[in-house]
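# Coordinate analysis (summary)
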Amino acid sequence: TEEQCSGIPYYQRQTLTTSLKNATDLPPLPEGGVAQSLKRWMEEDDQHPCDAANGDNCTSCYLPPPRSCDVTTYTLIIMAHTTGRLKKFIDPLTEMMDEWQGMTEIIIVWNSPRTNLTAVSTEKEQQYATKLLAWDKDPSHPLRIFFSMEEGLTNNLLNRYHPKLRPQNQAVMYFDDDGPFFSKEAMVDVGFELWRRNSNVQVGAWPRNIRYLSSRMKVAGKRGLKGNIDIVANDAQGDIGMSYPSFTPFCRNVTQDYVEYNRDSFPDFNAHILLPSGSILHRNFFCFIWHPAFEELREWVAHHKTMPDDMTVSMLVSHLTGKAPRTFPREIGTTEFDRNVESNAERGINAQAILNQSHRRLGLWNKKGWFDMRVEAINSILGYFGSMHYGSVGWCAGTTFLQYNDESHSECIPKKPTLNLIPWLNDGIGSDHCGTGDKGSLLL
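A short tour of the structure in this document, coming up.

Let's shift gears to unusual backbone geometry. Along the chain, Gly179 connects to Pro180 via a cis peptide bond; the corresponding omega equals 0°. Along the chain, the position of Pro180 falls in the loop between β5 (171-176) and α6 (184-197). Note the cis peptide between Ile413 and Pro414, where omega equals 15°. For Gln256, which is not glycine, the phi torsion reads 65° and is therefore positive. Mapped onto the secondary structure, Gln256 falls in the loop between α8 (252-255) and β9 (259-262). In the Ramachandran plot, Asn270 falls in the positive-phi region, its phi being about 65° despite a non-glycine side chain. Take Asn270: it is sitting in the loop between β9 and β10 (273-274).

Shown next, in the form of structure tokens:
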């Protein structure tokens, strides 16, 4: 990336008329810092080789296979830290345990002292806390509580990806403790099946994207997204022999470029970040997220006022695999779709209902300047990695339900497809991708 940035013509540098403003007093991550962090770790590893015989933790990190067709079960992780939200997740969780096939394990990551759960003040909260603790105590119940602080961890949003969780299943599904909790049809019937066919990327139903501001980045991003759409539309299987589009260089120091965080929509195509609720990730990525080489990144995330774990995980996973996340519809329709009936107004109402739930990350969203801080965060993290992946592809790629609004914006219509319209569930793209599972590859 450093060579790519140095090679950018002068007429493509400093083309923006505005500049990124600091929203917090936390210094940004160093540009291209991930390369230096990896270099330092490799040098230290050469000087002090890992010795398992002397008790060193010599666990290697392995990338997941591109497909996991033999996986039929999954772990659900919900992170919580306050008894005020027990009702919000225990009620829907109770229904899930009765109806969601394949969910063989539930982990509640409790990010506050155990006493906050055992010494509850209100009677209603006490009822829910008692139920949760009883589930945890029952060895036959699929739910267990992971008390972060008793495991030597602090209150960190990245705890939900910690290797100490040791999920039994390869597939790990996520919800925030205050939701939104998407339906079984969306998460299991559609999302989990998409993950089985794309298990080496992050898969999710609640995407966000960033907006490029410079012409250079817009052109490069558009070219990369088109290439990714073509790969999916051509029904390519696995990664063998595949050449995925190049990432778009982000050259903060050379070009003075910066990007904007799009808070207004949840796009099918060209999404760059997946919010945790409604996402699915292979457990092998836990090892990378908490690898010593990325300690500098984790420390910065923990100290930033927005605690941008979502941005961090999406950026790290995409750079490890060289691929963008995949998205699936968060709402599944129950009636036959009529192109002439679904109006823009109806879609706007549905989108707003979800949008209103998106600004609640641990109650932080109501802080003054929240979105300015999110813009600062994504620019810092992007600068650290030095590039951005080419954007997600929606569920309708390669089908007649793909609608081009203009040359740079695509969407899937209907917004709430019925199950018989999802390509990989029927005889469409991706339906025959599950065969013999591939083995993961060693990276760190």
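What follows is about the environment of Gly224. Assignment of secondary structure puts Gly224 in helix α7 (residues 215-233). The spatial distance from the C-alpha of Gly224 to the C-alpha of Tyr244 is 8.5 Å, given a sequence separation of 20 residues. Once residues lying within four places of it in the same chain are set aside, the contact partners of Gly224 are Pro245 and Tyr390.

There is a patch of like negative charges on the surface, built from Glu43, Glu44, Asp45 and Asp46. With respect to the secondary-structure elements, Asp46 resides in helix α2 (residues 33-47). Look at Asp46 and you get exposed, because its relative accessible area is 62%.

Applying the stated criterion across every chain yields a total of 18 salt bridges. Of the charged contacts in the structure, one is a salt bridge between Asp264 and Arg211, with a shortest N-O distance of 3.5 Å. Of the two residues, Asp264 is situated in the loop between β9 and β10 and Arg211 in strand β7 (residues 207-212); the sequence distance between them amounts to 53 residues. Residue class for Arg211 comes out partly exposed when judged on its relative accessible area of 33%. Through salt bridges with shared partners, one network takes in Arg85, Asp177 and Asp178.

Between its first and last C-alpha, helix α3 (residues 86-99) extends 20 Å over 14 residues, near the 20 Å set by a 1.5 Å rise per residue. For α3, the set of buried residues is Leu86, Phe89, Ile90, Leu93 and Met96. Elements that come into contact with the buried residues of α3 comprise β2 (74-80), β3 (103-110), α4 (115-118), α5 (123-137), β4 (143-147) and β5.

Once that is clear, we can look at the state of the cysteines. Counted according to the given criterion, the structure contains 4 disulfides. Note on cysteine connectivity: Cys5 is disulfide-linked to Cys251, with sulfurs 2.0 Å apart. With the S-S bond torsion at -80°, the cross-link from Cys5 to Cys251 turns out left-handed. Placement of Cys5 in helix α1 (residues 2-6) and of Cys251 in the loop between β8 (248-249) and α8 is noted, with a sequence separation of 246 residues between them. By the burial criterion, Cys5 is buried, and Cys251 matches it. Bridging Cys396 to Cys412, the disulfide has an S-S length of 2.1 Å.

Pairing within the open sheet is antiparallel, and its 3 strands lie in the order β9-β7-β10. Two strands lie at the open edges of the sheet, namely β9 and β10, each paired on one side alone. Two elements, β7 and β10, share 2 bridges in a ladder whose sense is antiparallel. Residue pairing in the sheet places Arg208 in a bridge with Ile273 of β10.

To continue, consider the nonpolar core. Core analysis: the biggest nonpolar cluster contains 109 residues, and Leu93 and Leu132 have the highest contact counts within it. Counting residues per element, this core draws most heavily on helix α13 (residues 370-385), which supplies 10 residues. Once residues lying within four places of it in the same chain are set aside, the contact partners of Leu132 are Leu86, Phe89, Ile90, Ile108, Leu117, Leu143 and Ile145.

With that out of the way, let us pick up the sheet that holds β5. On the basis of which strands lie adjacent, the open sheet formed by 7 strands has the order β4-β3-β2-β5-β11-β6-β12 and mixed pairing. With partners counted over all chains shown, the strands left at the sheet margins are β4 and β12 (326-327), one partner each. Alignment of strand β6 (residues 203-204) against strand β11 (residues 279-282), held across 2 bridges, turns out to be antiparallel. From the neighbouring strand, Val203 faces β11, where its bridge partner is Ile280. Along the sheet, α6 makes contact with β2, β5, β6, β11 and β12, crossing β11 at roughly 35°.

Here a ring pair, both rings aromatic, is described through the centre-centre distance and the interplanar angle of the planes. In the structure shown here, the tally under the stated rule is 13 aromatic pairs. Taking the centre distance of 4.9 Å and the plane angle of 45° together, the rings of Tyr161 and Tyr174 count as tilted. With Tyr161 in the loop between β4 and β5 and Tyr174 in strand β5, this pair connects stretches of sequence that are 13 residues apart. The residues Tyr161 and Tyr174 share a single accessibility class, namely buried. Through successive ring pairs, a cluster of aromatic residues spans Tyr74, Phe192 and Trp195. Sitting above the plane of the Phe147 ring, Arg114 keeps its charged end 3.9 Å from the centroid. Over the ring of Phe371 we find Arg263, and its NZ or CZ is 4.5 Å from the ring centre.

The rules behind these values
- Every chain is numbered on its own, with residues counted from 1 as its sequence reads.
- Reporting of local features is limited, given that this is a predicted model, to residues whose pLDDT is at least 70; pairs of side-chain atoms are given and counted only at 80 or more, and all residues count toward the totals for whole chains, interfaces and linings.
- For the side-chain quantities, the full set of heavy atoms in the structure was used; hydrogens and water were omitted.
- Secondary structure elements are taken from DSSP: a helix is a run of H or I of four residues or more, a strand is a run of E of two residues or more, and numbering for both begins at the N terminus.
- Contacts are assigned to residue pairs that have any heavy atoms within 4.5 Å of one another.
- Here a patch means residues that are over 30% exposed by relative accessible area and free of salt bridges, tied together within 9 Å if like-charged and within 5 Å if nonpolar (Val, Leu, Ile, Met, Phe, Trp, Tyr).
- To be clear on the numbers: accessible area is Shrake-Rupley with a 1.4 Å probe, and residue cover counts the displayed protein chains and nothing else.
- Salt bridges are counted wherever a side-chain nitrogen of Lys or Arg sits within 4 Å of a carboxyl oxygen of Asp or Glu.
- Charged residues are defined narrowly, with Lys and Arg counted positive, Asp and Glu counted negative, and His plus the chain ends left uncounted.
- To locate a charge, take atom NZ for lysine, CZ for arginine, CG for aspartate or CD for glutamate.
- When accessible area is computed with a 1.4 Å probe and restricted to protein chains, residues below 20% of their type maximum are described as buried, those above 50% as exposed, and intermediate ones as partly exposed.
- One fewer than the residue count of a helix, multiplied by 1.5 Å, yields its expected span.
- In what follows, a disulfide is any cysteine sulfur pair within 2.5 Å.
- Strands are treated as partners if at least two bridges between them are detected by DSSP.
- In these notes, a set of buried Ala, Val, Leu, Ile, Met, Phe, Trp, Tyr and Cys residues joined through side-chain atoms within 4.5 Å is what counts as a nonpolar core.
- Simply put, an axis is a line fit to the C-alpha atoms, just over the touching stretch for a helix, and the angle between two N-to-C directions goes from 0 to 180 degrees.
- The rule is short: rings of Phe, Tyr and Trp, with Trp giving its six-membered ring, pair when the centres are within 6.5 Å, and they are stacked under 30 degrees, edge-to-face over 60, tilted in between.
- Definition used: whenever NZ (Lys) or CZ (Arg) falls within 6 Å of the ring centre and also within 35 degrees of the ring normal, the charge is taken to sit over that ring.

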